[in-house]
Amino acid sequence: MLRVGLTGGLATGKSFVGHALAAHGCHLLQADALGHAALERGGGAYGEVAAAFGRQILDETGAIDRRKLGSLVFDDPALLARLNAMVHPVVIAQQQTWFEDLERRDPHGIGVVEAAILIETGSYQRFQKLILTVCPRELQVERAMKRDGLTREEVLRRLDRQMPLEEKRRYADYVIDTSGDKAGTLGQVARLYNTLRSLET
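Here's the deal with the overall build of the protein chain
Part 1 of the argument: Per the secondary structure count, the protein chain includes nine helices and five strands.
Part 2 of the argument: Along the protein chain, helices (α) and strands (β) appear in the sequence β-α-β-α-α-α-α-β-β-α-α-α-β-α when read from the amino end.
Part 3 of the argument: For the protein chain, whose C-alpha radius of gyration is 18 Å, the value lies close to the compact-globule estimate of 17 Å for 201 residues.
Part 4 of the argument: With respect to the three principal axes, the spread of C-alpha positions in the protein chain is 50 × 40 × 25 Å.
Part 5 of the argument: Going through the 201 residues of the protein chain one by one, you find that 40% of them count as buried.
Part 6 of the argument: Considering only contacts within the protein chain whose residues lie at least 6 apart along the sequence, 71% involve residues at least 24 apart.
Part 7 of the argument: For the protein chain, the exposed surface amounts to about 10500 Å²; the carbon and sulfur share of it is 51%.
Part 8 of the argument: Of the side-chain charges in the protein chain, 26 are positive and 26 negative, and the distance between the mean point of each set is 1 Å.

Dropping the structure here:
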C-alpha cells in the first residue's frame, strides 16, 4: 500500500485535490476532521486541552469552543505549540490505525492523508510520497476571504504565520498548481493518480 501525504498553504485547494484523488479510487483521510474530533468531549485530547487552557475556551455546555481556543493561541506561538503537542499525538495515532486497517482491506491501495502542517511538524516523513498544492498568494487571499468570511488583513496575518509555499516545494514529490480552472486542476490530478498507481503496481 502506498502512503501519501497531501498538504499546502491556506486556500490552495488541498481538499479539492483530495476529493479528486478519492474520486479516482484513492482512500482519503482529512486530518483536520480528526483534530476537531480530538477536541470534542470524549475525544482523545479534550481533557488535557480543557485542563490546560481553562474555562475561557469552553462554552456553556462544557464543550471546547474552537473559535475561542483559536483566538487564544493564534497570536501566541508558545501556546499554539503547546496545543499542537496535545492534539497531534492523538491525530497521528488515529492515522496510523487508519493505515493499518486500510492495508488489511486494500493492500494495493493508495491512502492519502490531507493535512495543513505535515511539513512543519515533520509528519511528512511518515509518508512515502508528498503532494503539495500551490497557487499565487493573491489568489490564496481572495479564496480565503470568500470561503471563510475573513478580512484581507486577517488572511494576510494567517499567511504570514505559515511556511512559504516556495519553501514547502523543497519537500514535495509532486506539485499541483490550482491557480487555473477546475478542469485544469482535475487534469493534473488524473495524471498524478496514474503516476501513483504505477508506483503501487
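Comments concerning unusual backbone geometry
Part 1 of the argument: One non-glycine residue, alanine 11, lies in the positive phi region at around 60°.
Part 2 of the argument: For alanine 11, the position within the fold is in the loop between β1 (2–8) and α1 (14–24).

Side note on the pattern of salt bridges
Part 1 of the argument: Across all of its chains, the model carries nine salt bridges by this definition.
Part 2 of the argument: Aspartate 160 is the salt-bridge partner of arginine 137, the closest N and O atoms lying 2.8 Å from each other. With arginine 137 in helix α6 (residues 137–148) and aspartate 160 in helix α7 (residues 152–160), the pair connects residues that are 23 residues apart, well separated along the chain.
Part 3 of the argument: Across the pair arginine 152 and glutamate 138 runs a salt bridge whose closest N-O atoms are separated by 2.9 Å. One end of the pair, arginine 152, is in helix α7; the other, glutamate 138, is in helix α6, with 14 residues separating them in the sequence.
Part 4 of the argument: Given the relative accessible area of 34%, arginine 152 is considered partly exposed.
Part 5 of the argument: Overlapping salt bridges, with partners in common, bring together Asp101, Arg104 and Arg105 in one network.

Cut-offs used in this document
- Residues numbered from 1 in each chain as written.
- Predicted model: local features only at pLDDT ≥ 70, side-chain atom pairs only at ≥ 80, totals over all residues.
- Heavy atoms only, no water.
- Helix = DSSP H or I, 4+ residues; strand = E, 2+ residues; numbered from the N terminus.
- Rg over C-alpha atoms; globule rule 2.2 N^0.38 Å.
- Buried < 20%, exposed > 50% of the residue type's maximum accessible area, 1.4 Å probe, protein only.
- Contact = heavy atoms within 4.5 Å.
- Areas by Shrake-Rupley, 256 points an atom, 1.4 Å probe, with all protein chains shown as cover.
- Lys, Arg positive; Asp, Glu negative; His and termini not counted.
- Charge placed at Lys NZ, Arg CZ, Asp CG, Glu CD.
- Salt bridge = Lys/Arg side-chain N within 4 Å of Asp/Glu carboxyl O.

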